[in-house]
Structure formats: structure tokens, C-alpha cells
Amino acid sequence: MQAMAQNAIPITGRIVSEDGESIPGVTIAIKGTSAGTITDENGDFSISVPDSNSVLVVSYIGFVTQEIKVGSQTVVNVKLPSDNKLDEVVVVGYGTQKKEDVTGSVTVVKSAELNKNVVIDATQSIQGRVTGVNVTQNSGAPGAPLSVRVRGIGTINGSSPFYVVNGVPVLDISTINSNDIESMSILKDAAAAAIYGSRAANGVVLITTKGGSPKKTTFDFNYLTGVSREWKRYNLLDAKEWATLRNEASMTDNGTVLYNPDTIGAGTDWQDQIFRKAMMKSYSLNASGATDKLSYYLGGGYLSQEGILKNSAYERYTFNTKLDYQLAKRLKVGTFMNIASFNRKQLYDGDPYNSIIANALNMDPITPLYSGLGGDSIFGSGATRTDVPNPLARLTYYNNRYKGFNFLGSWFAEYEIIKNLKIKTSLGYLYNNLDNQQFNGRYFVSANENLRESQVVIQQNQNKNLIWENSVTYEKTVAENHKLSGLFMFGAQNNTASFFRGAKNNTFNNDPSQWYLNSATGTATANSQMTEYSMLSYLFRINYEFKDKYQLQVNTRYDGTSRYLDKNKYGIFPSIAAGWILTEETFMQPIKSYVNYIKVRGSYGKLGNQDNPARYAEYPTTTNIFSGYNYGGFFGSAPLGSGNKDLKWETVTTSNIAVDLRFLNNRLAFTAEYFTKKTADMIYRKQVPYYAGTEEPPFVNGGTMLNKGLELAADYTNWIGKLQYNFGVNFTTIKNKVTKLEDPIYQGQFRTVYTNITQEGSPIAQFYGWETNGIVQTAEEAAALQTAQPGVRPGDFKFKDLDGDGIITDKDRTTLGSPLPKFTYGINGNVAYKGFDFSLLLQGSYGNKLFNGSKYTLEGGVPNSNFSDAMLDRWTGPGTSNDVPRVSSNDVNNNRRPSNYYVESGSFLRVRSMQIGYTLPDKLPQLVKLQKVRVFIMAQNLFTFTKYSGLDPEIGTYTPDFNVTSSYLDIGVDKGGTYPQARTWFFGINASF
């Protein structure tokens with residue numbers, strides 16, 4: 001060590017920008033070591049290097065990183081070029097391109113941005129960061145799925161994007177540790193996504209995982225712990241207030257006084273009994289490095305998250321590896337594997353009858369927690385409604401657990417035949433296994449709430465996907481001005497999915513050792529099924545660029561799928577895109593010092609959606625012969641559906657016009673894009689007359705839908721002395737319209753009625769119901785309305801007679817607003833000063849409506865349930881209220897029917913994440929052989945600004961049992977039982993060594 005110090009070479013220098021301005025705070029590191037320094041306020045630095053072969057790595061935010069070999073130099077002055085990010089490599093389908101060369105609509109989010117949020121599914125990290133992409137958390141439950149929409153809802157049959165991880169298609173990316181992700185590319189238009197043909201109609205999300213870096217082995221360790229609580233509760237009445245209103249409701253309908261409020265205390269706060277403080281922890285350790293021939297990355301992670309509702313939790317283990325090896329001069333091979341295992345405790349979620357939150361709202365506050373009895377009867381029964389489940393009993397006796405295993409792998413070999421001509425073959429494999437164990441224990445609360453025999457249900461879902469692809473790529477520059485590249489690919493894919501369910505009753509007791517089919521003595525029931533489909537694909541892509549300013553790209557993919565019959569198995573999906581970099585033109589040079597970069601680009605193309613809403617919808621179907629009709633001991637069956645042999649996939653046609661601008665030495669970047677997205681041949685059920693003799697209407701192609709929108713994004717990076725800062729803002733507005741649909745589609749069922757309608761000429765899934773017209777104030781006014789609203793009384797709603805027939809009927813229903821926002825936006829900021837850093841992300845939605853089903857429960861729609869404090873402002877006599885109706889135990893007027901009273905503004909602005917970190921000075925980590933140590937605190941969902949009166953304004957698609965395909969048009973309906981998102985505080989450590 002002493003000899004090394006004596007032989008060290010002292011280096012001094014100054015770091016300046018392209019315009020000669022000194023840059024303080026620049027990092028100068030000795031490559032391959034943990035040694036380094038930073039420049040002072042004048043941009044000067046000094047450092048000692050071991051020998052003349054040392055390489056200095058000079059880096060600073062907003063500038064291109066430089067590597068300088070010391071050699072014989074003792075003074076190293078560096079002019080750092082501004083990082084305009086145009087040389088950044090962007091992952092596109094089946095390859096990469098420089099960002100400057102991209103002509104389609106592609107947005108890239110790097111790992112540094114992805115890891116500024118703590119999430120289970122990395123897709124959630126792009127909330128508020130990407131234009132044209134709306135990410136909604138359907139539920140706050142740990143492990144709950146997301147709704148991801150790229151440029152609007154493209155079809156009535158689901159609009160989730162197509163996910164690809166290192167070339168392998170996957171269902172979602174919830175089993176990929178976000179610490180293992182290098183970048184996420186979102187392909188939004190046909191020019192970018194047509195390379196994926198019949199699966200790209202709803203956009204494509206490409207995930208590239210981390211690989212080895214060209215240096216010695218580096219280890220990164222990340223530790224995180226956090227605590228979560230609900231950020232909002234319902235304001236409910238206590239027992240005394242509740243009893244007062246119940247007496248009023250009874251007496252209003254000619255009943256008697258039911259309770260003496262003065263003898264009733266505060267009662268039971270059921271929200272206290274279901275919510276809890278929840279803990280979260282996460283660990284990850286990865287190693288990366290490279291030699292002359294081998295680059296490698298290994299990563300492992302563990303995550304544990306408790307839910308803010310009792311008896312809900314999620315746990316996940318992940319292992320990720322990526323290896324590339326130069327086997328010979330022209331032969332390269334590689335592999336990627338991701339293995340994940342998870343466990344999830346899940347509650348009933350979103351259901352207005354069975355969810356734990358709905359139970360807590362429905363239960364009156366005078367019911368005690370416990371009955372005072374023993375055995376299976378320890379919980380209290382509803383004092384006024386014995387059919388309302390005791391929430392604690394549900395939490396104790398109803399168990400729903402999932403155990404999942406996921407393997408994702410790919411292997412490739414690439415050979416360079418001659419210079420710039422390469423062939424590649426790759427094999428990808430996906431295996432998913434999901435086991436579900438449900439146990440409903442034996443218990444007794446009341447005659448209406450009990451389970452005499454315990455129930456065991458075991459389910460298993462398996463999915464296997466094998467994909468083999470072979471490609472040829474060629475790149476060539478001719479006469480310096482002509483750049484040409486081409487890709488041709490042939491591929492085949494096979495997918496199989498299987499399902500098994502078995503059920504049995506009556507175990508010996510409720511102990512977890514009994515939660516298996518063989519432990520039950522009742523009669524077993526079972527069913528299973530298997531589906532399979534295959535694909536055959538050909539594609540080519542040609543990129544041409546002239547003089548670094550005129551760009552052209554042509555894509556065509558030819559797909560065949562077994563999901564449809566022979567006449568409709570195949571489809572062609574072409575696209576074309578062009579770009580023009582105006583600032584490379586001679587006539588633009590006079591203004592280039594002010595406007596550093598201008599590029600206009602446009603695209604047009606077609607995409608496909610091969611996902612059929614019902615498997616085998618082309619074929620006639622019948623009832624099961626053994627569960628069908630019994631004719632004197634002989635079993636028969638009846639037709640269910642007629643099938644449609646002409647069914648084919650949906651087609652999406654997109655166009656995109658965009659301009660990219662950069663100003664102020666590339667510190668300010670601005671992008672504007674206008675797009676149209678038209679879906680044709682949408683598949684829906686065509687209504688047929690009852691005498692057709694089938695129970696299920698056939699699926700047909702016939703609907704069309706149009707989305708058109710504008711995306712704006714701006715980003716500014718600069719520094720003042722040692723202060724570095726970056727701010728970004730994005731804005732998206734999308735207009736949706738169903739342009740053709742013969743039969744209206746009713747969905748979004750709340751209790752016994754539908755709340756959403758999808759019909760021709762309107763946006764998808766609009767709310768549907770009656771319009772109120774104030775409250776009846778006097779007996780005389782009520783008498784005048786008896787024909788229109790039989791039984792109406794003072795304090796009841798007046799409803800608008802929209803068809804003018806003098807009677808309020810179903811024909812008076814109308815659209816009440818859209819769950820789709822008028823625009824969405826995001827604001828992010830990053831500030832760094834010396835070792836401190838701060839980041840902030842705001843996300844907002846404006847103009848969308850929500851159907852607040854909790855108002856039905858909490859304002860008298862469910863007899864004897866609790867009330868919200870909104871009922872303290874109810875109508876109690878003429879002039880007291882024209883908004884909130886009277887309380888009643890016998891709602892003759894049907895005040896609680898779906899109406900505009902339940903439709904509220906869903907606009908919100910949420911502080912999605914805020915983080916403050918500190919990186920320890922270099923000398924301190926080196927004392928314990930660490931290269932870098934950073935500590936931070938972070939808050940997620942810190943504040944939410946909204947007028948919505950429910951628990952959470954972020955309401956996505958209704959997903960009972962997390963089945964994201966169950967009700968695509970059930971959008972924006974808060975059924976009064978949705979699991980809310982949590983506010984979470986974190987502490988974390990990032991260390992490198």
C-alpha cells in the first residue's frame with residue numbers, strides 16, 4: 001500500500017460545458033475502483049491515480065459520460081458535451097435503434113425512474129410518467145392486478161397491452177423484480193408495434209432486464225422497510241346517532257320508536273376492527289460484471305407486504321440471471337432466466353355483498369364484536385339484520401390463499417456470416433402455475449349467518465408458452481449518406497392452458513391441517529378443462545436513412561393463429577413511418593443555436609387483436625349432457641349457442657403525427673403527438689329472438705370504435721453551481737366514441753341493476769340511470785306527483801320525465817357521465833445538491849365520473865345498516881334539504897335507484913411519491929470496503945386531493961377474485977367494497993461494493 005502511494009500520479013484539471021462554463025459537482029472516478037472525487041465550485045478537481053494506464057470516468061447529470069486514459073498527462077481538462085439523449089439506444093421490437101432514428105411512437109422509462117416507486121408490478125412505476133398510458137390500480141390489495149391502457153380503451157373486449165420480456169411473451173410482469181429491469185419501452189402506434197402483428201392492437205410493453213457491465217464484478221444491495229395505513233375512512237355514525245335516525249325512519253313510515261338513544265353508547269366501530277397498520281419489507285442483491293468474452297448478471301430478491309385490511313398479504317421470491325458469451329469470433333450465445341414464487345392471502349374484494357369493507361359498512365354499530373358464547377359461536381350476530389355477516393367472523397373463518405410459481409427463460413445463438421449480416425435463432429419458454437386453496441370454516445353466528453359444514457376448494461391453473469424464432473438482420477452504410485438496415489423473421493408459438501377445480505365439505509375441524517380435499521368426508525365435485533392455440537408468423541422490417549435527416553421505416557407482419565377457422569386464420573399487419581430532422585437542413589442553421597433540434601415524424605398502419613372473448617365461439621355449444629335434461633333416466637342436452645364460423649380477429653388502424661423539439665443547448669425537450677386509433681370488427685354478442693332456441697347469443701364482428709388524442713411532454717435539465725435539477729410534465733387527452741354497435745351493451749352491475757351502457761354514438765361504458773330534479777318539499781307537491789311517481793312523499797326525490805309520458809319508467813333513463821377522464825397528467829421533479837437528492841411525482845386525472853355505490857349502503861339503501869355523516873344533512877322538513885332525501889324504512893319511491901345522485905366527480909391529484917436521499921461521502925463507505933452508500937426516506941400516496949366522497953378516487957375495472965377478464969366494461973363503479981390504496985412511509989438503503 002505504501003509503495004502504491006509513492007508511485008501514485010497526481011492529476012489536476014477543470015471540467016467545463018461546451019460553452020466554456022465551469023461545472024461544479026462533476027464526478028471523476030477511477031475506472032474499476034471505488035476511488036473518486038468531485039469538482040469544486042470552479043469546476044476544478046484533483047485526484048491521484050495508481051499508474052498511467054488508469055482511466056478516468058467523468059460523469060454528470062445532463063451530460064455525456066466521458067472516459068479518459070491518463071497516459072502521460074498530469075493535467076486533464078475536459079469539455080463535457082451536453083447529453084441530448086438522441087444517441088440513447090432504444091429497445092424496439094426485435095432489436096434496438098438510436099433514439100434519433102425512431103420514427104414511431106415509443107416511450108422509454110429507465111431503471112432509475114422505475115425504482116423511484118416501491119411496487120410489486122413494475123408497470124405501476126410508469127403512472128404519471130408516460131404520455132398516452134393510463135395505469136389504474138383496480139384494488140389496493142397486495143398483489144392486485146392493474147388496468148393498463150395505451151392510448152385509450154381500444155375494444156369492448158379488454159384493452160390490456162401485450163407484454164414481452166427479453167423477447168418472450170408474458171401475461172403480465174408482476175413476477176419480475178423491478179430492481180432487475182434495465183428499461184421499459186412502450187410501443188404506442190402501429191409503426192412501433194406492427195412488428196408484433198395480431199397481438200399489438202392495445203400497445204406493446206417491452207421489458208429488458210439488466211445485463212453485465214464492462215467492468216469487474218460489482219454487487220448492489222437494496223434494503224427497504226415500510227409501514228402502511230389507510231389514508232381515508234368513511235365518516236360513520238356512532239350507535240347513539242344511528243339509533244336516532246332509525247327511530248326517525250320508523251316513525252316516518254308510521255312505525256314506532258325502536259331504541260332509546262340515551263341508553264346506547266358509542267357502539268362498535270367496525271372499521272377499527274378490519275383495518276390495521278401494515279408492514280412491508282424488501283431485500284435485493286445482484287451481481288454484475290464482464291470479461292473479454294462473458295458478461296453476466298445475477299439477481300435475487302425478496303418482498304413481503306401486509307395488507308391494510310387484516311388477513312391479506314403478499315410474499316414473493318425472485319431470481320434473475322442473464323448471461324452472454326462470445327463463443328467464437330463470430331458466434332455469440334446467451335441465456336436469460338427469471339424464476340419467481342409467490343404467496344398471496346386474498347379477501348373478497350369489490351363485491352357489495354361479500355367484501356370485508358362492505359360487511360363493515362352494512363353492519364349496524366350496536367352489534368357487539370363477540371357473542372359471549374364459545375366454540376364456533378363466539379362472534380356477535382347482527383342486532384337488527386341477521387343476514388349481514390359479522391366482519392370479524394368473515395376474517396376468521398373464510399380463507400383464500402394463492403401459491404404461484406413462474407419460470408421464464410430464453411436462449412439464443414447469433415452468428416455473423418459476413419460483416420453486418422447476422423442470423424439468430426432463439427427459444428423462449430414460459431411456465432405459470434397458480435394453486436388456489438379456499439377454506440370456509442364451520443361456524444355459527446345466527447340462523448342466517450352460519451356454515452354447518454366446512455368447505456374445501458382446491459383450484460389449479462397452468463399456462464405454458466413455447467416460442468421459437470429465427471431471424472436475419474443486415475446493416476449497411478453506402479457512400480456515407482445512405483444507411484440501410486433490414487430484418488426478416490420466421491417464428492412459431494404454442495400455448496396451452498389448463499384448469500382444475502375440486503371441492504368437498506365437512507372437515508373434522510377448522511385447523512389449517514384440514515384444508516385439503518382428503519380431510520373432508522363429504523361428496524367430492526370436480527371439473528377441469530384445457531385450451532390450446534398455436535401461431536405461425538413471418539415479418540420483415542426495413543429502415544432507410546439519407547444524410548442523417550430523412551428517415552423511412554416499413555414493417556409488415558403476417559400472422560396465422562389456430563384461434564379462428566381456416567378462412568380467417570391469417571392476417572397481414574403493415575405499417576409505414578417517416579421522419580425528417582429539419583435542423584440538419586442548411587436553411588435551418590441560422591436558428592440552430594436557439595432551436596437545437598427539430599424533427600417531424602408520422603406513421604400509419606394496422607394492428608390486430610386475436611384475443612377472442614370466448615374460446616371456440618365459432619362452434620355450436622350445448623349444455624353438459626350429464627347436468628342437462630333427464631327424460632325418465634335418459635340424459636339429454638339443449639343448445640346453448642349457435643356459433644359463428646365467420647368470426648375473425650379485430651383490426652386496429654392507427655395514424656400518428658409528432659414533432660420533437662430541443663432548446664437551450666438541449667436542456668429543454670418538448671414532444672407533441674396527435675393520434676387516431678380506429679378499431680374495426682369488434683366482437684360482441686348479437687341479440688337474437690327467443691324463438692331462435694338458444695340461451696346464449698352468438699358472437700359476431702360488427703362494432704367499431706374510435707380513439708383520438710393529443711400527447712404533450714416537456715422536460716428541462718439544468719444546474720446552478722452544485723445544485724442540479726430536472727423537471728418534467730406530461731399531458732394526455734383522449735376522446736373515445738363507439739361509432740358502430742347495433743345492440744347496446746349493459747354492464748357494471750350494482751346489486752340488481754346495471755350502471756353502465758355502451759352504445760353507438762357515445763363513449764364506452766357511460767353511466768346510465770335516472771336524473772333527479774330536487775326533493776319533494778310539501779304534501780301538496782307530493783300529491784301532484786302521484787301519477788308520475790306513485791307513493792312519493794315529502795322528502796323523496798323527484799325524477800325527470802325525460803320521455804314526457806307523465807310516468808317515471810325505465811324509458812326515462814339516460815346517460816349520466818363517463819368514467820373516462822377528459823385528460824390525465826403527471827408532474828415530476830428531481831433535485832440534487834452535493835450528497836442530497838430529492839424527487840417528487842404528482843399524478844392526476846380530470847373530468848371522469850365515478851358511480852359511488854357506498855352512498856347506497858350508507859344513506860339508507862340497505863335496511864338497518866349504518867349511515868354516513870352525510871345523512872345528518874338529510875331532509876327533515878320543508879326547506880331543510882334539496883339534495884339528501886329523508887330516511888325511510890320503506891322506500892316506496894325507490895329513491896335509491898341508480899341516478900345522478902350517485903355519480904360524482906372522479907378527478908384527483910395525487911402525490912404519488914416523494915423521496916429524500918443522502919449519499920455518504922466517498923471516504924466513509926470506503927472505510928468498510930463499500931463503493932457507495934445511499935440512505936433515503938420515501939412516502940407513497942402521501943396526499944390525494946379530490947372531491948370524491950368514497951374511499952379512493954382511483955377506481956378501475958371491477959375484478960372479482962382478481963379476474964381481470966371478467967367485466968371489461970364494468971368501469972368506474974365503486975361498489976362500496978373496494979380495497980383502498982394505502983399511504984406508505986419507507987426507509988431504505990442502497991449500497992454498492
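Residues numbered from 1 in each chain as written. Predicted model: local features only at pLDDT ≥ 70, side-chain atom pairs only at ≥ 80, totals over all residues. Heavy atoms only, no water.

**So, the overall build of the protein**
Now for step 1: Regarding its fold elements, the protein presents 10 helices and 54 strands.
Now for step 2: In terms of overall dimensions, the protein is globule-like: its C-alpha atoms have a radius of gyration of 32 Å, near the 30 Å expected for 993 residues.
Now for step 3: C-alpha atoms of the protein, sized along the principal axes, occupy 100 × 65 × 65 Å.
Now for step 4: Looking at the protein as a whole, 52% of its 993 residues qualify as buried.
Now for step 5: Once local pairs closer than 6 in sequence are excluded, the contacts in the protein between residues at least 24 apart make up 68%.
Now for step 6: Of the roughly 43100 Å² of accessible surface on the protein, a fraction of 56% belongs to carbon and sulfur atoms. (Helix = DSSP H or I, 4+ residues; strand = E, 2+ residues; numbered from the N terminus. Rg over C-alpha atoms; globule rule 2.2 N^0.38 Å. Buried < 20%, exposed > 50% of the residue type's maximum accessible area, 1.4 Å probe, protein only. Contact = heavy atoms within 4.5 Å. Areas by Shrake-Rupley, 256 points an atom, 1.4 Å probe, with all protein chains shown as cover.)

**A short note on helix α4 (residues 239–252)**
Now for step 1: Under the 1.5 Å per step criterion, the end-to-end length of α4 is 20 Å for 14 residues, consistent within 8% with the ideal 20 Å.
Now for step 2: Within α4 the residues assigned to the buried category are Ala239, Trp242, Ala243, Leu245, Arg246, Asn247, Ala249 and Ser250.
Now for step 3: Two or three places before Lys240, at the start of α4, stands the capping residue Asp238, its side-chain oxygen 3.2 Å from that residue's backbone nitrogen.
Now for step 4: Following α4 by one or two positions, Asn254 adopts a phi angle in the positive range, close to 65 degrees. (Expected span 1.5 Å × (residues − 1). Polar contact = N/O pair within 3.5 Å; in protein donor to acceptor, adjacent residues only side chain to side chain.)

**A word on the UniProt feature "domain: TonB-dependent receptor plug" (unreviewed entry) in the protein**
Now for step 1: The positions UniProt marks with the feature "domain: TonB-dependent receptor plug" (unreviewed entry) are residues 98–204.
Now for step 2: In residues 98–204, helix accounts for 7% and strand for 29%; the two terminal C-alpha atoms are 19 Å from one another. (UniProt positions renumbered as here; feature names shortened; annotations may be inferred.)

**Overview of the sheet that holds strand β45 (residues 814–817)**
Now for step 1: One open sheet accounts for 4 strands, arranged β40-β41-β42-β45; its pairing is antiparallel. Of all the strands in the sheet, the pair left with one neighbour each is β40 (745–750) and β45. Taken over all neighbouring pairs, the strand axes of this sheet differ in orientation by 45 degrees on average, direction set aside. (Pairing = 2+ DSSP bridges. Axes fitted to C-alpha atoms, helices over the stretch in contact; angles between N-to-C directions.)

**Concerning the packing of aromatic side chains**
Now for step 1: Using the criterion set out here, one finds 37 aromatic pairs in the structure.
Now for step 2: Each ring, one from Tyr901 and one from Tyr902, has its centre 5.5 Å from the other, and the planes form 75 degrees; the classification is edge-to-face.
Now for step 3: Tyr901 sits in the buried class, given a relative accessible area of 12%.
Now for step 4: Looking at Tyr902, the relative accessible area reads 1%, which means it is buried.
Now for step 5: Among the aromatic residues, ring-to-ring pairing joins Phe767, Phe797, Phe799, Phe851, Tyr901 and Tyr902 into one connected group.
Now for step 6: One residue, Arg563, lies across the ring of Tyr533, its end atom 3.8 Å from the ring centre. (Phe/Tyr/Trp six-rings, centres within 6.5 Å; stacked < 30°, edge-to-face > 60°. Lys NZ or Arg CZ within 6 Å of the ring centre and 35° of its normal.)

**Concerning the pairing of strand β42 (residues 766–769)**
Now for step 1: Pairing geometry for strand β41 (residues 753–758) and β42, over 2 bridges, is antiparallel. Within β42, the residue paired with Ile757 across the bridge is Gln766.
Now for step 2: Inspection of the sheet shows β42 paired to β45 by 3 bridges, in the antiparallel sense. Paired with Tyr768 across the bridge in β45 is Thr815.

**Regarding the sheet that holds strand β49 (residues 903–905)**
Now for step 1: The strand order across the open sheet formed by 3 strands is β49-β48-β53, and the pairing between neighbours is mixed. Strands at the two margins of the open sheet, each flanked by one partner only, are β49 and β53 (973–974).
Now for step 2: Relative to β53, strand β48 (residues 849–852) runs parallel, the two being bridged by 2 bridges. Note that in β53 the partner of Asn852 across the bridge is Asp974.

**Some remarks on the confidence of the model for the protein**
Reading predicted coordinates in detail is not appropriate for stretches of low pLDDT.
Now for step 1: Residues at a pLDDT of 70 or more form 94% of the protein, whose mean pLDDT is 89.
Now for step 2: Here residues 962–966 is modelled with pLDDT under 50, and outside its nearest four sequence neighbours on either side it reaches 15 contacts, counting other chains as well. (pLDDT = per-residue confidence, 0-100.)

**Describing the pattern of salt bridges**
Now for step 1: Summed over all chains, the structure comprises 36 salt bridges.
Now for step 2: The partner of Asp646 in a salt bridge is Lys567, and the shortest N-O contact between them spans 2.8 Å. Here Asp646 is found in the loop between β35 (639–641) and β36 (650–663), whereas its partner Lys567 is found in the loop between β29 (550–561) and β30 (570–581), with 79 residues between them in sequence.
Now for step 3: A salt bridge links Lys975 to Asp970, with the nearest nitrogen and oxygen atoms 3.2 Å apart. Asp970 shares its class with Lys975; the two are buried.
Now for step 4: Beyond isolated ion pairs, a larger network of salt bridges with shared partners links Arg151, Lys188, Arg601, Asp660, Glu673 and Glu711. (Salt bridge = Lys/Arg side-chain N within 4 Å of Asp/Glu carboxyl O.)

**Side note on the nonpolar core**
Now for step 1: One finds Ile274, Leu309 and Tyr443 to be the most contacted residues of the largest nonpolar core, which totals 29 residues.
Now for step 2: Elements with a contribution of two residues or more to this core: α5 (270–274), α6 (356–362) and α7 (391–397).
Now for step 3: If you look at the next biggest cluster of nonpolar residues, it comprises 26 residues, including Leu237, Leu245, Val862 and Tyr902. (Core = buried A, V, L, I, M, F, W, Y, C linked by side-chain atoms within 4.5 Å.)

**Focus on unusual backbone geometry**
Now for step 1: Positive phi is not limited to glycine here, since Asn254 has a value of about 65 degrees.
Now for step 2: Inspection of the secondary structure puts Asn254 in the loop between α4 and α5.
Now for step 3: One non-glycine residue, Asn894, lies in positive phi territory at about 55 degrees.
Now for step 4: Structurally, the position occupied by Asn894 is in the loop between α9 (854–861) and β49.
Now for step 5: A relative accessible area of 36% means that Asn894 is categorised as partly exposed.

**Here's the deal with the side chain of Arg934**
Now for step 1: Within the secondary structure layout, Arg934 lies in strand β51 (residues 932–940).
Now for step 2: On the basis of relative accessible area, Arg934 is assigned to the buried category, the value being 13%.
Now for step 3: Among the polar contacts made by the side chain of Arg934, one reaches the side chain of Asp837 at a distance of 2.7 Å.
Now for step 4: Side chain to side chain, Arg934 and Gln915 meet in a polar contact 2.7 Å long.
Now for step 5: Not counting residues within four places of it along the chain, the set of residues in contact with Arg934 comprises Asp837, Gln915, Gly917, Tyr918, Thr919, Gly988, Ile989 and Asn990.

**Thoughts on the environment of Lys708**
Now for step 1: For Lys708, the location among the structural elements is in strand β38 (residues 699–720).
Now for step 2: Lys708 gets classed as partly exposed once you look at its relative accessible area, which sits at 36%.
Now for step 3: Here the alpha-carbon distance between Lys708 and Tyr223, two residues 485 residues apart in the chain, equals 43 Å.
Now for step 4: For Lys708, the contacting residues outside a window of four places in its chain are Tyr674, Phe675, Thr676, Thr733, Ile734 and Lys735.

**Considerations on the environment of Val388**
Now for step 1: Inspection of the secondary structure assignment puts Val388 in the loop between α6 and α7.
Now for step 2: The spatial distance from the C-alpha of Val388 to the C-alpha of Asn362 is 6.7 Å, given a sequence separation of 26 residues.
Now for step 3: Discounting residues that sit within four places of it in the chain, Val388 has contacts with Asn359, Asn362, Met363 and Glu449.

**A few points about the environment of Leu236**
Now for step 1: Position of Leu236 relative to the elements: it lies in the loop between β17 (218–230) and α4.
Now for step 2: Owing to a relative accessible area of 24%, Leu236 belongs among the partly exposed residues under this scheme.
Now for step 3: Measuring from C-alpha to C-alpha, the distance between Leu236 and Tyr684 comes to 42 Å, with 448 residues separating the pair along the chain.
Now for step 4: Residue contacts for Leu236: discarding those within four places in its chain leaves Gln271, Leu361, Leu858, Asn866, Phe867 and Ser868.

**Details of the side chain of Thr758**
Now for step 1: Within the secondary structure, Thr758 is located in strand β41.
Now for step 2: Since its relative accessible area comes to 1%, Thr758 is described here as buried.
Now for step 3: Within the structure, Thr758 has its side chain in polar contact with the backbone nitrogen of Ala765 (distance 3.0 Å).
Now for step 4: Apart from residues lying up to four places away in sequence, Thr758 is in contact with Ile156, Val738, Leu741, Pro744, Ile745, Ile764, Ala765 and Leu969.

**Concerning the pairing of strand β31 (residues 595–609)**
Now for step 1: Counting buried residues in β31 gives 11 out of 15 residues, a clear majority hidden from the surface.
Now for step 2: As paired strands, β30 and β31 are joined by 7 bridges and run antiparallel to one another. Its bridge partner lying in β31, Ile581 is registered against Lys599.
Now for step 3: As paired elements, β31 and β36 share 14 bridges and run antiparallel to each other. Bridged to Ile598 within β36 is Leu661.

**Looking at α9**
Now for step 1: Of all the 8 residues making up α9, 7 are buried; the element is thus mostly covered by neighbouring parts of the structure.
Now for step 2: Turning to α9, its buried residues number three or more, namely Ser854, Lys855, Tyr856, Thr857, Leu858, Glu859 and Gly861.
Now for step 3: Those residues of α9 hidden inside the fold are in contact with α6, β40, β48, β49 and β53.

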